[in-house]
Amino acid sequence: MVFRKLPGVSASGMGLRLSQKFVFLLFLSGLVTLCFGALFFLPDSVRLKRIFLSKTESQPVTVGTKLKALSRKPSVTNEAKTDKKDAGGEALEDMTLSRSKTESASKDEKVTSSSNQGANTDTSFDYNKFKKCLLKPPLGIEHGKPSDPQTLQRREKVKEMMKFAWDNYKSFAWGKNELRPLTRNGHIGNMFGGLRGASIVDSLDTLYIMGLMDEYNDAKEWVETSLDLNSNGEASLFEVNIRYVGGLLSAYYLTGEEMFKRKVMVLGEKLLPAFNTPTGIPRGVINLGSGTSWSWGWASAGSSILAEFGTLHLEFVHLSELSNNGIYTEKVMNIRKLLNKIEKPHGLYPNFLSPVSGNWVQHHVSIGGLGDSFYEYLIKSYLMSDKTDEEAKTMYYSALEAIEANLVQKSPGGLTYMAEWRGGILDHKMGHLACFSGGMVVIGADDGAPEKRQHYLDLAAEITHTCHESYSRSATKLGPEAFRFDGGVEATATRLSDRYYILRPEVIESYMYMWRLTHDPKYREWGWEAVEALEQHCRVEAGFSGIRDVYAQTVSHDNMQQSFFLSETLKYLYLLFSDDDLLPLEDWVFNTEAHPLPVVRKSFSLQKQVK
């Protein structure tokens, strides 16, 4: 190639000008690079970062403590850095939520939209049209008032217990999560990530259905003015979902108060980043402020827990219904998709699953702790769908068949119980938590194979009887945390560490369901036995407390009035002594914290579109 000499320009002059241009362009390029890079350090550059940064922003995972309730500090791992969109996992920028803190309650209730791009987020849910989808009034003709004087007297006693527990909470622990009745102060705990008022949110629907309206209005006012959703702590996804999300959803559906809906939509969105895993299986712990999530330190190999990621379906479907945004339903359906695909040992679902690989981590199966409410939510998902969710139905009855084949046992004394399974070896122990299963089996008795209906009714009655035996064989007539069927004992705790009772509801829950579906009067009698035992052994001067040893003649209290005592134990007792038209089962399904959620009928889902 021949370079022609430009007229009037010397070779040396042309070289100088080219050199100057090169330097100028180099300088300009550096300036642009510097300015652009600075954007990433400006406080308002979050959206720019989302556009240009990798989808695989790291997700810390913790290791260490074996105590579930202990606060965890996140640490970054290589596993977290490899998170990709896979098997239902979403790209991070599609899920990241606005983290900006707000200065007022009204700003707090503004639902962000960064995770809902392209979705239909019309939130014009018509409460009045929803009520027309119900077959019966939620509170019955006379608030479920029984005609029998003795039953009415017993119901009034339960109502008095609720007022006593609530009044003491309000006097000594208002705004805290739970009451310490012996020391008369509040307990915050670290399961809720900085959220406060767990007892308030958990009690909203109980106060409302009992007609304690002054107390309900105090609770509602606190939620409206003081429930701060901008916490920046480490929360249990499971506990926040069943207590706060469930409690707010239930309060909205029962009362129509729009404030509850606004609050729950903000909170629901804050839970979505927990699903940012390669499989879409959420991790168990989430920072509600930053969206960072990780697994419990005590969970085997950083796994997620079956009962935790399997106990989201009811609430998340309703979050989608209220927001008209399918992202919540999509998340829980992705969980189900993976569980359907993965191989199950003997048809059983082990308790630990890796959110990275999607494989089981251990072959430990339990219908009690770590597994329990997963099975409950299968049959309840079917019932809540107005019996249209055939996939949930199939999964439930298949799981129940595997449970009967591998876990259900009969003791030498004739007691039916559910053992635990550890890699093919049975551990002849049943936990108090597993005593919900009598109620679970009975509510599904009518929808299985017709020829098995009576079998399921019998199985439910036998399990409930065994759990009643665990109560009646103790000195306090309250049941231990776990009881065994080996070494010559039956339905009795043999270890000191299993002898405590923390005001748990599961046995009473099964009494309530068994009463509703059989009307056998013994279940009301058994419930009254529990009321008398609670009054004698758990009632103290400033509330109710759990006890350390149900077999001890002189009880030692644990100084804790659990929020679920108000949400579940007392609510189930009140329903047990009420007529069936108070929260009729045709219209309502109870989440695992006893918060009633309405059946989603076709007209319910379409009513938002009706003008």
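What counts and what doesn't
Residues numbered from 1 in each chain as written. Predicted model: local features only at pLDDT ≥ 70, side-chain atom pairs only at ≥ 80, totals over all residues. Heavy atoms only, no water. Pairing = 2+ DSSP bridges. Helix = DSSP H or I, 4+ residues; strand = E, 2+ residues; numbered from the N terminus. Buried < 20%, exposed > 50% of the residue type's maximum accessible area, 1.4 Å probe, protein only. Core = buried A, V, L, I, M, F, W, Y, C linked by side-chain atoms within 4.5 Å. Contact = heavy atoms within 4.5 Å. Disulfide = S-S within 2.5 Å. UniProt positions renumbered as here; feature names shortened; annotations may be inferred. Polar contact = N/O pair within 3.5 Å; in protein donor to acceptor, adjacent residues only side chain to side chain. Lys, Arg positive; Asp, Glu negative; His and termini not counted. Salt bridge = Lys/Arg side-chain N within 4 Å of Asp/Glu carboxyl O. pLDDT = per-residue confidence, 0-100. Axes fitted to C-alpha atoms, helices over the stretch in contact; angles between N-to-C directions. Parallel < 35°, antiparallel > 145°, perpendicular 65-115°, else oblique. Left-handed = near helix turned anticlockwise from the far one by under 90°. Nonpolar A, V, L, I, M, F, W, Y, C, P; charged D, E, K, R; others polar. Phe/Tyr/Trp six-rings, centres within 6.5 Å; stacked < 30°, edge-to-face > 60°. Lys NZ or Arg CZ within 6 Å of the ring centre and 35° of its normal.

The strand order across the open sheet formed by 3 strands is 3-4-5, and the pairing between neighbours is antiparallel. The outermost strands of the open sheet, each flanked by one partner alone, are strand 3 (234–236) and strand 5 (293–294). Sheet analysis places strand 4 (residues 285–287) next to strand 5, joined by 2 bridges and oriented antiparallel. Residue pairing for strand 5: V285 is matched across the bridge by W294.

Okay, helix 13 (residues 313–323) next. Where burial is concerned, most of helix 13 is hidden: 11 out of the 11 residues are buried. By the burial criterion, the buried members of helix 13 are H313, L314, E315, F316, V317, H318, L319, S320, E321, L322 and S323.

By size, the foremost hydrophobic cluster in this structure holds 161 residues, and its most contacted members are V223 and Y375. A total of 12 residues in this core trace back to one element, the largest contributor, which is helix 10 (residues 237–255). Look past the residues within four positions of V223 in its chain and what remains in contact with it is I200, V201, L204, L248, M259, F260 and K263. Formed by 7 residues, the second largest nonpolar core is a distinct cluster that contains W296, A299, I305 and F352.

Turning our eyes to something else, we now look at the state of the cysteines. In this structure the tally under the stated criterion is 1 disulfide. Paired through a disulfide, C435 and C467 show a sulfur-sulfur distance of 2.1 Å. What sets the handedness of the C435 and C467 disulfide is the S-S torsion sign, and at about -95 degrees it is left-handed. A residue pair is termed long-range when its members are at least 10 positions apart, and C435 in the loop between strand 14 (429–431) and helix 17 (437–443) and C467 in helix 18 (residues 453–472) qualify at 32 residues. Comparing C435 with C467 shows no difference in burial state: the two are buried.

Another aspect to go through is the UniProt feature "binding site: Ca(2+)" (unreviewed entry) in the protein chain. Those residues carrying the UniProt feature "binding site: Ca(2+)" (unreviewed entry) are T592 in this numbering. By secondary structure assignment, the location of T592 is in the loop between strand 18 (588–590) and strand 19 (596–598). Residue T592 is classed as buried on the basis of its relative accessible area of 16%. If we skip the residues at most four places from it in the chain, T592 touches I242, T311, S373, E376, Y377 and E568. Side chain to side chain, T592 and E376 meet in a polar contact 3.0 Å long.

Moving on: the side chain of D558. Turning to its location among the elements, D558 is positioned in the loop between strand 17 (543–544) and helix 21 (563–576). Buried charged residue D558 carries no salt bridge. Nearest counter-charge: R548, at 6.3 Å. A polar contact is formed between the side chain of D558 and the side chain of S545, at a distance of 3.1 Å. Among all residues touching D558, those that are not within four sequence positions of it are I502, S545, G546, I547 and R548.

Looking now at unusual backbone geometry. Look at H143: it is not a glycine, yet its phi comes out positive at around 55 degrees. By the element assignment, H143 lies in the loop between helix 6 (127–131) and helix 7 (149–173). Accessibility expressed as a relative area gives 38% for H143, which makes it partly exposed. For H519, which is not a glycine, the phi torsion comes out positive at approximately 55 degrees. Looking at the element boundaries, H519 is found in the loop between helix 19 (506–518) and helix 20 (522–538).

The subject of this paragraph is the confidence of the model for the protein chain. Confidence in the prediction of the protein chain, expressed as mean pLDDT, is 85, and 78% of residues score 70 or more. Scored below 50 in pLDDT, residues 1–18 shows 2 contacts in the model against residues more than four places distant or in partner chains. Contacts from residues 32–121, a stretch scored under 50 in pLDDT, to residues over four places away or in other chains number 166 contacts.

Turning next to the packing of helix 8 (residues 198–209) against helix 10. Remark: helix 8 packs on helix 10, axes separated minimally by 9 Å, with the N-to-C direction vectors making an angle of 30 degrees. Overall, the two elements helix 8 and helix 10 adopt an arrangement that is roughly parallel. Handedness of the helix 8/helix 10 crossing: left-handed. Contacts between helix 8 and helix 10 involve A198, V201, D202, L204, D205, Y208 and I209 from the first element and R243, Y244, G247, L248, S250, A251, L254 and T255 from the second. Taken together, the residues of the contact of helix 8 with helix 10 break down into 9 nonpolar, 3 polar and 3 charged.

Turning next to the packing of aromatic side chains. Inspection of the entire model under this criterion finds 31 aromatic pairs. Ring geometry for Y127 versus F130: centroids 5.4 Å apart, planes at 50 degrees, classification tilted. Of the two residues, Y127 and F130 both sit in helix 6, 3 residues apart, roughly one turn of that helix. Judged by relative accessible area, which is 0%, F130 ranks as buried. With centroids separated by 4.8 Å and ring planes inclined at 55 degrees, the aromatic side chains of Y349 and F374 adopt a geometry described as tilted. In this pair, Y349 sits in the loop between helix 14 (327–341) and strand 7 (352–353) while F374 sits in helix 15 (residues 372–384), placing the two residues 25 residues apart along the sequence. Residue classification places F374 among the buried positions, given a relative accessible area of 3%. Across from the ring centre of W174, 5.8 Å away, lies the NZ or CZ of K170, which sits over that ring. Here R539 stacks its cationic end above the ring of F164, 3.8 Å away from the centre of that ring.

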